[in-house]
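Commentary on secondary and tertiary structure
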Amino acid sequence: MRVRIPNIEIKTIYQNTIMNWMKGLIKKKDFHDLYCAMEDGDVQKMKEILNGQLFHTISFYDSAENFYHGFLTGILSQSENYLVKSNRESGNGRSDIMVKSPSLRGRSFILELKVSDSMDHLKEDAEKALQQIYDKNYMEELLTEGYRKVDCYGVSFFRKDCEVRFGTGQIPCFAIL
């Protein structure tokens, strides 16, 4: 037996109700600590926060990269101090997540995500994600815009676990006039 929504008005009511419910759930969690960890380059704290969220919110069957991409983009979008862009072309490819302050004097971050096929590959895949940022020059757009400090994070996921690696894309001192 299939359930069918009878008309657009009912569909809109369902959509609005579900969206408001989800917004309420998301707003209950303050991710300020995650941003502080990103600003400090504290990968251990980032990993703890993300693993806690993975444990409480997902099924271990949710293991596609675009699921983790949406998960992390949703969490990072909670900040009023940063703009979050997804799948932006930059350099020689497309970075997964770009996070930037509205001010060029502020911070900016590139996050590249990988899905591991086992727990044993989490660290290696986080390193590969970080290396991909450098190999494909994903920092180019942010540096061209005028950001002087770009922090880079490689993040790998396996079911309800993640691993995080940190790198920097800071402009060399001689390039700053």
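A few points on the structure. (Residues numbered from 1 in each chain as written. Predicted model: local features only at pLDDT ≥ 70, side-chain atom pairs only at ≥ 80, totals over all residues. Heavy atoms only, no water.)

**Side note on helix H5 (residues 122-135)**
End to end, H5 covers 20 Å across 14 residues, agreeing with the expected 20 Å (1.5 Å per residue, within 8%). Check the buried side of H5 and you find it contacts strand E3 (108-115), strand E4 (150-158) and strand E5 (161-168). Positive backbone phi, at 55 degrees, marks Asn137, one or two positions downstream of H5. (Helix = DSSP H or I, 4+ residues; strand = E, 2+ residues; numbered from the N terminus. Expected span 1.5 Å × (residues − 1). Contact = heavy atoms within 4.5 Å.)

**Description of the side chain of Ser108**
Tracing the chain through its elements places Ser108 in strand E3. A distance of 2.8 Å separates a polar atom in the side chain of Ser108 from the backbone oxygen of Lys149. Other than its neighbours up to four places away in sequence, Ser108 contacts Val99, Lys100, Leu142, Tyr147, Lys149, Val150 and Asp151. (Polar contact = N/O pair within 3.5 Å; in protein donor to acceptor, adjacent residues only side chain to side chain.)

**Remarks on the pattern of salt bridges**
Per the stated rule, a full pass over the model turns up seven salt bridges. A salt bridge links Glu163 to Lys47, with the shortest nitrogen-to-oxygen separation between them at 3.3 Å. Here Glu163, found in strand E5, pairs with Lys47, found in helix H3 (residues 43-57); they are 116 residues apart in sequence, far enough to count as distant. Ionic contacts of the salt-bridge type, sharing partners, join the residues Lys47, Glu127, Glu163 and Arg165 into one network. (Salt bridge = Lys/Arg side-chain N within 4 Å of Asp/Glu carboxyl O.)

**Quick notes on the environment of Gly106**
Mapped onto the elements of the fold, Gly106 is located in the loop between strand E2 (93-100) and E3. The sequence separation of Gly106 and Tyr82 amounts to 24 residues, and the corresponding C-alpha distance is 9.1 Å. Contacts of Gly106, omitting those with residues within four sequence positions, involve Ser101 and Tyr147.

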